[in-house]
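Here is what each chain is made of, one letter per residue.
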Amino acid sequence: MAKKLTIPEHPMVVHSNLRTFEIKHKVMEGADGKLEFDESIMYLNPNQQTISLYKQTLLHELLHIVYELVGMDPEEEEDMPKYTNEFLVTVSTNTIMLLASMNQELFEFIFSKD
């Protein structure tokens, strides 16, 4: 049996310019994380193999918030225009910097050494 991962304490909310998302732990089959944008909840599977994978999942779900905030709804991917690399990098940089400034402790956790 695999050893249960002990996740270090970190903020359990993500503040954005439009809303605050609650972070909840939820064991999920076949998924390490899930963002419920309309409910403002981010689910993270606490049963990941390493803290690094947990942090990667947290950052992955943060990027879902980033792209939802700029109108890139995954439910409507087939209707999305094709974006250039430069546009995606600019949007990512600007919104990650915004989220980092609003969630300093959370980003310190993500980029801390395990």
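This text goes with the structure placed above it.
Structure report, in brief. In this text the structure is predicted, and so the values were computed from the model without any measurement.

### Description of the environment of lysine 26
One can find lysine 26 in the loop between strand E2 (20-25) and strand E3 (33-36). In sequence terms lysine 26 and glutamate 86 are 60 residues apart; their C-alpha atoms lie 35 Å from each other. Excluding residues that lie within four positions of it along the chain, lysine 26 makes contacts with Tyr43, Leu44, Asn45 and Pro46.

### Topic: the pairing of strand E4 (residues 41-44)
Alternating residues of E4 divide into Ile41 and Tyr43 and Met42 and Leu44, and every residue in both groups is buried. Sheet topology places E2 next to E4; four bridges connect them, and they run parallel. Along E4, the bridge assignment pairs glutamate 22 with isoleucine 41. Relative to E4, E3 runs antiparallel, the two sharing four bridges. Looking across to E4, one finds that glycine 33 is bridged to leucine 44. Where E3 folds back on E4, the antiparallel hairpin that results is connected by four residues, among which serine 40 adopts a positive phi of roughly 60°.

### Considering the environment of isoleucine 23
Within the element layout of this structure, isoleucine 23 appears in strand E2. Judged by its relative accessible area of 3%, isoleucine 23 falls in the buried class. Measuring from C-alpha to C-alpha, the distance between isoleucine 23 and leucine 58 comes to 9.3 Å, with 35 residues separating the pair along the chain. With residues up to four places along the chain from it excluded, the contact list for isoleucine 23 reads His10, Pro11, Met12, Val13, Val14, Met42, Leu44, Leu58 and Leu106.

### Describing the sheet that holds strand E1 (residues 13-15)
With mixed pairing, four strands are arranged side by side in an open sheet as E1-E2-E4-E3. Each end of this open sheet is capped by a strand with a single partner; those strands are E1 and E3. If you compare each strand with its neighbour and ignore which way they point, the axes differ by 20° on average. With three bridges connecting them, E1 and E2 associate as antiparallel partners. Looking across to E2, one finds that valine 14 is bridged to phenylalanine 21. Where helix H1 (residues 51-69) meets the sheet, its contacts fall on E1, E2, E3 and E4, and the angle it forms with E4 comes to roughly 155°.

### Examining the nonpolar core
Membership of the largest hydrophobic core comes to 20 residues, with the highest contact counts inside it found for Val14, Ile23, Met42, Leu58, Leu62, Ile65 and Leu99. The set of elements that each furnish at least two residues to this core consists of E2, E4, H1 and helix H3 (104-110). With six residues, the top contributor of residues to this core is H1. Methionine 42 has contacts with Val14, Glu22, Ile23, Lys24, Lys34, Leu35, Leu58, Glu61, Leu62 and Ile65, leaving out every residue within four places of it along the chain.

What counts and how
- Sequence order sets the numbering: in each chain, residues are counted from 1 along the sequence as written.
- In view of the model being predicted, local features appear only for residues whose pLDDT reaches at least 70, and side-chain atom pairs are presented and counted only at 80 or more, with totals across whole chains, interfaces and linings using the full set of residues.
- Where side-chain values are given, they derive from all heavy atoms of the structure, hydrogens and water being excluded.
- Numbering of helices and strands starts at the N terminus; helices are DSSP runs of H or I of at least 4 residues and strands are runs of E of at least 2.
- Note on definitions: a residue-residue contact is assigned when non-hydrogen atoms from the two residues lie within 4.5 Å.
- Exposure categories follow from relative accessible area, calculated using a 1.4 Å probe and restricted to protein chains: below 20% of the type maximum is buried, above 50% is exposed, and the middle band is partly exposed.
- Only strands joined by at least two bridges in the DSSP assignment are considered to pair.
- For helices, the fitted line uses only the C-alpha atoms of the stretch in contact; every axis is such a line through C-alpha atoms, and the angle between N-to-C directions lies from 0 to 180 degrees.
- For the purposes of this section, nonpolar cores are sets of buried Ala, Val, Leu, Ile, Met, Phe, Trp, Tyr and Cys residues that join through side-chain atoms within 4.5 Å.

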